[in-house]
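Residues per chain, in single letters:
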Amino acid sequence: MKLKRSTRKIVIGALLAGALPLYSGGSAEAAFTTDVIGKSAVTSFSAMIDALDFPPVADDSMGVWVLTSPDGEAAFWWRKAADDMRHYDTFLCFDAEPFVKAGLDLDKLPSEMKDMLGDRGKIMLGKKLSKEALEYDGEITPISSFEQIVKLDRESIGYHAALDHYGVTVADGSLLEWAKDMTKNEKDIVFVLDPKIMLEAGVDPSKVEGWTYALVPLEDSRGRKFEAEKFLKPFDLK
């Protein structure tokens, strides 16, 4: 698999900050059937998964699906089990070592992040999308579980036409992105981390290996443009 090498100068535009849903009111099921962006996000997510050399796997102990990055250093988790309400619904999970080597003091991480760190050497950011249990009409698959995210919490799904990327936000400023059409995009999948927590815990962003630290142009929910620094891990799956 060919991986594009990132540089400090990479700028990824408009990474889906605060994208608004195209509907309001009514049931989640009814809204989903008329939501073009939500439905296209599911379709493109499925195409992205099909392009991975290592498809998502089920972690039944956590009740989630796990999509691992091509370099094995980051992952996106999303809830699988319909009756498991113990955990967050979506996570970004990534290796702590590159950040520790760049100065991260694990004791300075927020308590909820330290609680999830455990002995895996992983840092996790997570979000609870809904108090509703997942309801499936048919087989439980990575795609049908992702579809539940769109139905239950449409505001976590965003799109920006400039990059033709969809994304799912798991924490403020941190998300997983993927291309709507991988034949027209060199960045098929991007793990995006807000650097604030890491910087406050001692990380020197110029020394984090495997991640690009870049100034990113963003757009808020009212269409106002601004820029922010992000840690980025992009991949070309083609």
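The coordinates are above.
In short, a report on the structure.

Rules used throughout
Residues numbered from 1 in each chain as written. Predicted model: local features only at pLDDT ≥ 70, side-chain atom pairs only at ≥ 80, totals over all residues. Heavy atoms only, no water. Helix = DSSP H or I, 4+ residues; strand = E, 2+ residues; numbered from the N terminus. Buried < 20%, exposed > 50% of the residue type's maximum accessible area, 1.4 Å probe, protein only. Areas by Shrake-Rupley, 256 points an atom, 1.4 Å probe, with all protein chains shown as cover. Pairing = 2+ DSSP bridges. Core = buried A, V, L, I, M, F, W, Y, C linked by side-chain atoms within 4.5 Å. Contact = heavy atoms within 4.5 Å. 1 Å grid on protein atoms, 1.4 Å probe; cavity = no way out; pocket = protein on both sides within 12 Å on 5 of 7 lines; lining within 4 Å. Points joined across faces, edges and corners; volume = space filled by probe spheres on them. Axes fitted to C-alpha atoms, helices over the stretch in contact; angles between N-to-C directions.

Each helix and strand in the chain was counted, giving six helices and 11 strands. Counting the 238 residues in the chain, one finds 48% classified as buried. Of the roughly 11700 Å² that the chain leaves accessible, carbon and sulfur atoms contribute 50%.

On to the pairing of strand β2 (residues 64-68). For β2, a buried count of four out of five residues is recorded, marking the element as mostly surrounded by other parts of the structure. Adjacent in sequence and paired antiparallel, strand β1 (residues 57-59) and β2 are bridged by four residues, among which Gly63 carries a positive phi angle near 70 degrees. In textbook terms, the turn of a hairpin is the stretch between consecutive antiparallel strands, and for β2 and strand β3 (residues 74-79) this stretch comprises five residues, one of which, Gly72, has a positive phi near 75 degrees.

Moving on to the nonpolar core. Within the largest apolar cluster, 46 residues are counted, with the highest numbers of intra-cluster contacts made by Phe45, Leu67, Phe76, Phe99 and Phe191. Looking at this core, the element that brings in the most residues is helix α2 (residues 36-51), giving six residues. In this view, Phe45 contacts Leu67, Phe76, Trp78, Ile143, Phe146, Leu176 and Trp178; residues no more than four positions away in its chain are not counted.

To continue, consider empty space enclosed by the protein. Applying the stated criterion to the full structure yields one cavity of 30 Å³ or more. As a volume, the largest cavity reaches approximately 50 Å³. Within the residue set of the lining of the largest cavity, elements represented by two or more residues are β3 and α5 (142-152). When residues in the lining of the largest cavity are grouped by element, the largest group, four residues, is from α5.

For the rest of this paragraph, the subject is α5. A large share of α5 lies buried, amounting to nine of its 11 residues. Within α5, the full set of buried residues consists of Pro142, Ser144, Ser145, Phe146, Gln148, Ile149, Val150, Lys151 and Leu152.

On to the sheet that holds strand β4 (residues 90-95). Reading across the sheet, the five strands line up as β1-β2-β3-β4-β5 and stay open at both edges, with antiparallel pairing between neighbours. A strand with exactly one partner marks an edge of an open sheet, and here the two such strands are β1 and β5 (122-127). If you compare each strand with its neighbour and ignore which way they point, the axes differ by 25 degrees on average. Alignment of β1 against β2, held across three bridges, turns out to be antiparallel. The residue of β2 that forms the bridge with Asp59 is Val64.

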